[in-house]
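Examining the three-dimensional arrangement
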Amino acid sequence: MSTVSSTLLAANPTTTTTSTALSWKSKFQTTTFAAASLPQLGRLNTSHRRFVVMSMDAKPTILVSEKLGEAGLNLLKEFANVDCSYNLSPEELNTKISLCDALIVRSGTKVSREVFESSAGRLKVVGRAGVGIDNVDLAAATEHGCLVVNAPTANTVAAAEHGIALLTAMARNVAQSDASVKAGKWERNKYVGVSLVGKTLAVMGFGKVGSEVARRAKGLGMHVIAHDPYAPADRAHAVGVNLVSFDEAISTADFISLHMPLTPATNKILNDENFAKMKKGVRIVNVARGGVIDEDALLRALDAGIVAQAALDVFTVEPPPKENKLVHHHNVTATPHLGASTMEAQEGVAIEIAEAVVGALKGELASTAVNAPMVPAEVLAELKPYVVLAEKLGRLAVQLVAGGSGVKSVKVTYASARAPDDLDTRVLRAMITKGLIEPVSSVFVNLVNADFAAKQRGLRITEERILLDGSPESPLEFVQVQIANVESKFAAAISESGDIKLEGCVKGGVPHLTKVGAFEVDVSLEGSIILCRQVDQPGMIGKVGSILGEENVNVSFMSVGRIAPRKHAVMAIGVDEPPSKEALKRIGEVPAIEEFVYLKV
Ligand SMILES: NC(=O)C1=CN([C@@H]2O[C@H](COP(=O)(O)OP(=O)(O)OC[C@H]3O[C@@H](n4cnc5c(N)ncnc54)[C@H](O)[C@@H]3O)[C@@H](O)[C@H]2O)C=CC1
Ligand SMILES: O=C(O)C(=O)COP(=O)(O)O
């Protein structure tokens, strides 16, 4: 039996059984869901603990477009159909992608906007088997609700070791002299190198790789400084490194080693202006990304003798064109993007990315998500019933809006005894957004694209916290959703402030609706709901209950909230199956009922 956790990264549900969507499944797929893991599937008779959805193919398809370590491939194959197709042209990739639920790439595949557009919504996860995600159009991924995960740790040491290999090889002309010996020459005077000990190395980007390079360079007796606007000074001090300004780093260094990501801010950060600030005879190592150097400017700096040597693992265009002058420059050592290419790193990266991709396809939150909030598994487990509550409140609230009133402004209030930094509401906000948008549009919304989807619709969601006294044992006491400046098809849902207002909480792990407008109710959000406003009087529950009974609708909960005896009251009725039109008509005809609405949960 395979179980699927309720997912936050879900595909648009094509099945009608669930509101919080499934992951990669389509309505043709056979999957057995454990009822307990999918509370949103509705109330199940205990004799029907499983849902079975018929299928043509029970496995998702994962396209692996570049060579991946065997151990990772094996993990993928246990869960999915794996299509290893290397060296695809962009057109071939665009064609294939519409048949794939996940794509795994390294640095050689450009995952452009066209890839996401061509996938027509099927692609749910892009796994980058490595660190740099500059080859993935993250904005397009997010807009298409596609999660991007990377494998940020497994190749750190390999990249750092390659940096050191290039540093030492460059200083001692290893590549050039090797070529010379192989050409039958013996040029001992030509290849006199420079020493590293006592020299200053500037590590540009003091992250995982940069700090490992620094550690190793100190072992070689170098004086190491670093520049990284975001790195904490104490982490640098722990390695015996001083963080300095960009200008100080590049102007005092004998060697510069680049370890920052390629971003708009670091693009061509080493340019003519900055080469001019460097010590004459500086040596440069780049195992980061080709794009952080203006390659034409580097060529000019090499020719002018400002840069004595460069060792480059990465290039703006990979592979670089055959006639690339940098590659052929006698003072340049070049390797074909080998930083991560050790047996150990490739196995590690493959396992790291396979686990992340499979987890994401199963609907789990990835801890290496690049374009979605990373919520630790234990926090998510605790928030799980609130996640369901959040989506249901959004879904109910939007159904209360009268046709023609555009929803533009939503306020969400979280009441909790937890300190604000001890309660991560991003997931809840995303799920409320999902609930608000999905019933009234054709888009699907998940944790990845919720904020984007809201913004695109001009939907402003503000969040407020009510800090309660008491025990912070449960993360939330209640959640309120208010929609401002709209009319409601159920006038009683309008609160004193003029907004549609719903409030809910979790009781015994089950989400409950506890307030509609100014009326307190208590109905478990497991089936669907009928809300009736009536003049409070004896016998109302019986009347409506018997109409539903006669129409064969199972009532799960009934609750009446009133302002004062014999005044207006709101009755909330939980029903297991949708009532027929006839049943609803009969409820509307009960004389004391002033208005009613049927809401799908
Ligand atoms: N050649 C290869 O095969 C490999 C290349 N890489 C490249 O190395 C880069 C670094 O990898 P990690 O250390 O794992 O990433 P990381 O995210 O741990 O470190 C990057 C560091 O760069 C810093 N940074 C950002 N903007 C900066 C700026 N303008 N100036 C200075 N520092 C800046 C960040 O604060 C961060 O500390 C990756 O982005 C990737 O492009 C990584 C692995 C293998
Ligand atoms: O992890 C990175 O950022 C790398 O540059 C490694 O690239 P690769 O997976 O070897 O194509």
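Relevant structure appears above.
Quantities reported herein were computed from a predicted structural model and do not represent experimental measurements.

**Thoughts on the pattern of salt bridges**
Scanning all chains against the criterion turns up 24 salt bridges. Residue Arg 395 is joined to Glu 438 by a salt bridge in which the shortest nitrogen-to-oxygen separation is 3.4 Å. On the criterion of sequence distance, the pair formed by Arg 395 in helix 14 (residues 377-399) and Glu 438 in the loop between helix 15 (426-437) and helix 16 (450-456) is long-range, its members being 43 residues apart. Just as Arg 395 is buried, Glu 438 falls in that class too. Note that Lys 585 and Glu 589 form a salt bridge whose closest N and O atoms lie 3.4 Å from each other. You can call Lys 585 partly exposed: its relative accessible area is 48%. You can call Glu 589 exposed: its relative accessible area is 51%. Here the salt bridges share partners, and the residues they tie into one network are Glu 391, Arg 395, Lys 434 and Glu 438.

**What about the pairing of strand 17 (residues 478-484)?**
Along strand 17, 6 of the 7 residues are buried, which leaves the element largely enclosed by surrounding structure. Bridging between strand 15 (residues 409-416) and strand 17 involves 7 bridges; their strand directions are antiparallel. Note that in strand 17 the partner of Val 410 across the bridge is Ile 483. Where strand 17 meets strand 18 (residues 500-507), 5 bridges bridge the pair, whose relative direction is antiparallel. Bridging across to strand 18, Val 479 finds its partner in Gly 504.

**As for the environment of His 162**
With respect to the secondary-structure elements, His 162 resides in helix 5 (residues 156-171). Look at His 162 and you get buried, because its relative accessible area is 14%. The sequence separation of His 162 and Ala 340 amounts to 178 residues, and the corresponding C-alpha distance is 8.1 Å. If near-sequence neighbours (up to four positions away) are discounted, His 162 is found in contact with Val 287, Asp 313, Thr 335, Leu 338 and Gly 339.

**So, the nonpolar core**
Leu 400, Val 410, Ile 483, Phe 490, Leu 513 and Leu 531 are the most contacted members of the largest nonpolar core, which totals 57 residues. Those residues in contact with Leu 531 that sit more than four places away from it in its chain are Leu 400, Phe 490, Val 516, Val 570, Met 571, Ala 572, Glu 595, Phe 596, Val 597 and Leu 599. Ranked by size, the runner-up nonpolar core spans 31 residues in total, among them Met 204, Ile 256, Leu 270 and Leu 302.

**Points about helix 7 (residues 208-219)**
A rise of 1.5 Å per residue sets the reference length of helix 7, with its 12 residues, at 16 Å; its end C-alpha atoms lie 17 Å apart and thus fit the reference within 8%. All buried positions along helix 7 are accounted for by Val 209, Gly 210, Ser 211, Glu 212, Val 213, Ala 214 and Ala 217. In this fold, the buried residues of helix 7 make contact with helix 5, strand 8 (200-204), strand 9 (223-227), helix 8 (233-238) and strand 11 (255-258).

**Things to note about the site of ligand 2**
In the neighbourhood of ligand 2, the contacting residues comprise Arg 106, Ser 107, Arg 128, Ala 129, Gly 130, Val 131, Gly 132, Asn 155, Arg 289, His 337 and Ala 340. Contact between ligand 2 and Arg 106: an oxygen atom at 2.8 Å from a side-chain N or O atom of the residue. With respect to ligand 2, the backbone of Gly 132 contributes an N or O atom lying 2.7 Å from an oxygen atom. Of the residues in the shell around ligand 2, the class split is 3 nonpolar, 5 polar and 3 charged.

**Topic: the pairing of strand 13 (residues 307-312)**
In terms of burial, strand 13 is largely enclosed, as 6 of its 6 residues are buried. Alignment of strand 12 (residues 282-286) against strand 13, held across 5 bridges, turns out to be parallel. Its bridge partner lying in strand 13, Asn 286 is registered against Leu 312. Crossover strand 12 to strand 13 through helix 11 (residues 295-303) is right-handed.

**Section: the site of ligand 1**
Around ligand 1, a shell composed of 24 residues is seen, among which Lys 208, Val 209, Asp 228, Val 287 and Asp 313 lie nearest. A distance of 2.9 Å separates an oxygen atom of ligand 1 from a polar atom in the side chain of Lys 208. In this structure, Asp 228 approaches ligand 1 through a side-chain N or O atom, which is 2.6 Å from an oxygen atom. Looking at the shell around ligand 1, its residues break down into 12 nonpolar, 8 polar and 4 charged.

**Structural notes on the side chain of Thr 61**
As for its placement among the helices and strands, Thr 61 is situated in strand 3 (residues 61-64). Assessed through its relative accessible area of 15%, Thr 61 is described here as buried. The residues contacting Thr 61, other than those within four sequence positions of it, are Asn 81, Leu 99, Cys 100, Asp 101, Ala 102 and Arg 122.

Scoring rules and cut-offs
- Residues numbered from 1 in each chain as written.
- Chains lettered and ligands numbered in written order.
- Predicted model: local features only at pLDDT ≥ 70, side-chain atom pairs only at ≥ 80, totals over all residues.
- Heavy atoms only, no water.
- Salt bridge = Lys/Arg side-chain N within 4 Å of Asp/Glu carboxyl O.
- Helix = DSSP H or I, 4+ residues; strand = E, 2+ residues; numbered from the N terminus.
- Buried < 20%, exposed > 50% of the residue type's maximum accessible area, 1.4 Å probe, protein only.
- Pairing = 2+ DSSP bridges.
- Contact = heavy atoms within 4.5 Å.
- Core = buried A, V, L, I, M, F, W, Y, C linked by side-chain atoms within 4.5 Å.
- Expected span 1.5 Å × (residues − 1).
- Near = heavy atom within 4 Å.
- Polar contact = N/O pair within 3.5 Å; in protein donor to acceptor, adjacent residues only side chain to side chain.
- Nonpolar A, V, L, I, M, F, W, Y, C, P; charged D, E, K, R; others polar.
- Right-handed = clockwise from strand over helix to strand, strands pointing away.

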